[in-house]
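The residues making up each chain are set out below.
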Amino acid sequence: MTGFFPLLWWALGGAMVLGAAVYLFMEYQAYLLRTDVINVPGGLRFVAQSFSVEVRHASKEIKVVAKEAQYTRQTLPAGEPEVQSGALTVTLPAVGMQIEVGRISIKGEDEEAASATGFSRIVLAASDETLRQIEGKEASERSELRLDRVPDSIALDFQQFANGVRAWIDKVEQQLAARIAAKRQREQDEASAAMMLVVDPKEDVTVPLSEADREARAGAQIEKWRAAAGFKGTSTEVSYDARGQIAWLIDLDPVGRVILHAAKRTFHGSLKGATITGIGNEIEIAVRDDYWTEDDPRLITFRILGGTTPENRRAWKERIEILIQGFNPPIHQPR
């Protein structure tokens, strides 16, 4: 019996060491598969042990830091692909990006169906095709960042993060398309206005125009702005100079849309989010243009109704305030 107890203690000690080793191994495996999404200044970051993906809202970019990846960049239409691999830090534009997550399967010679490997592949493909297409140009560059052998559980967590990134990218692309379309429209409006307002070189500016001629010139310009806006106001007030050039205009329709012109700038759109203020012998209307976002909530201002009577300005101000309030009706608390 004297040799039994030492043997027992050795067996128990070995079992404890083995149990501790198994526990540490399982903890290490859990550590390797751990992921997190954290808030960073101006964006979000997905973090895994082998890579991180950071969304930067202000610059509209996505930064990837990976311990092992392959990055391919190609100049279009027929440039030679440039390939980098290993530990990489790559920043890609969000506009035009596609994110794909797919499981890696293998198929043996004697197998009918492919078998799962437990790993997935993450591909972030970026191209300036979307941006250039919006601008009416040909694509000039394409790039791809590929992460292989990403454990399936990490890839699944990343897929949920990527779904949110995709929704953000869609919003960015829609805002960009709207801004470029608005810019084109403004350029067309300005060109039309310039053509309309340029004095004919044959015209003798020392000869005064009749009131009917001045009104006709101003009316023609207003119709151009109405055509660009796609609506016509039912309440209109305008001031123009001796050559029929418009100094300020308000053209208001009863559903809360407005055409404004002052200081050689023109706006057409909704009064949602607008403000109105009386300033001296004018009123100032501030509205949301196509560049307005919650991240940059500045409004563009138009001063109008200068030279009209206080009663007239007061009536306009009350009418516009009612329309603005209609977009945000007051909340009545239950008694």
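Cut-offs and rules
Residues numbered from 1 in each chain as written. Predicted model: local features only at pLDDT ≥ 70, side-chain atom pairs only at ≥ 80, totals over all residues. Heavy atoms only, no water. pLDDT = per-residue confidence, 0-100. Contact = heavy atoms within 4.5 Å. Helix = DSSP H or I, 4+ residues; strand = E, 2+ residues; numbered from the N terminus. Expected span 1.5 Å × (residues − 1). Pairing = 2+ DSSP bridges. Axes fitted to C-alpha atoms, helices over the stretch in contact; angles between N-to-C directions. Salt bridge = Lys/Arg side-chain N within 4 Å of Asp/Glu carboxyl O. Buried < 20%, exposed > 50% of the residue type's maximum accessible area, 1.4 Å probe, protein only.

### Description of the confidence of the model for the chain
Confidence in the prediction of the chain, expressed as mean pLDDT, is 81, and 79% of residues score 70 or more. Confidence drops under a pLDDT of 50 for residues 331-335, and excluding neighbours within four residues, the segment shows 0 contacts in the predicted structure.

### A look at helix 5 (residues 310-327)
Taking 1.5 Å per residue as the helical rise, helix 5 with its 18 residues ought to reach 26 Å, and the 26 Å between its terminal C-alpha atoms agrees with that figure. Those residues of helix 5 that are buried are in contact with strand 9 (235-240), strand 10 (246-252), strand 13 (275-279) and strand 14 (282-287).

### With respect to the sheet that holds strand 12 (residues 265-270)
With antiparallel pairing, 4 strands are arranged side by side in an open sheet as 9-10-11-12. Since the sheet does not close on itself, it has two edges, and those belong to strand 9 and strand 12, each with one partner. Between one strand and the next, the sheet's axes are offset by a mean angle of 5°, whatever the strand orientation. Note: strand 10 against strand 11 (residues 257-262), 5 bridges, orientation antiparallel. Bridged to Ile 250 within strand 11 is Leu 260. Taken strand by strand, helix 4 (residues 211-229) contacts strand 9, strand 10, strand 11 and strand 12, and its axis lies near 50° from that of strand 10. Sheet strands touched by helix 5: strand 9, strand 10 and strand 12. Its angle to strand 10, the strand with the most contacts, is close to 50°.

### Side note on the sheet that holds strand 14
Within the open sheet, the 3 strands sit side by side as 13-14-15. Their pairing is antiparallel. Each edge of the sheet is formed by a strand with only one pairing partner; in this case those strands are strand 13 and strand 15 (300-304). Between one strand and the next, the sheet's axes are offset by a mean angle of 25°, whatever the strand orientation. Note: strand 14 against strand 15, 5 bridges, orientation antiparallel. Each bridged residue has a counterpart across the sheet, and for Ile 285 the counterpart in strand 15 is Phe 302. The sheet contacts of helix 5 involve strand 13 and strand 14, and relative to strand 13 the element is tilted by about 165°.

### Here's the deal with the pattern of salt bridges
The full count for this structure, using the stated rule, is 16 salt bridges. The partner of Arg 303 in a salt bridge is Glu 282, with the nearest N and O atoms 3.9 Å apart. In this pair, Arg 303 sits in strand 15 while Glu 282 sits in strand 14, placing the two residues 21 residues apart along the sequence. Classification of Arg 303 as partly exposed rests on a relative accessible area of 40%. Residue classification places Glu 282 among the partly exposed residues on the basis of a relative accessible area of 23%. Ionic pairing is found between Glu 284 and Arg 303, a salt bridge with its closest N-O pair at 3.3 Å. In this pair, Glu 284 is assigned in strand 14 and Arg 303 in strand 15, connecting sequence segments 19 residues apart. Because the salt bridges share partners, they merge into one network encompassing Arg 45, Glu 54 and Arg 56.

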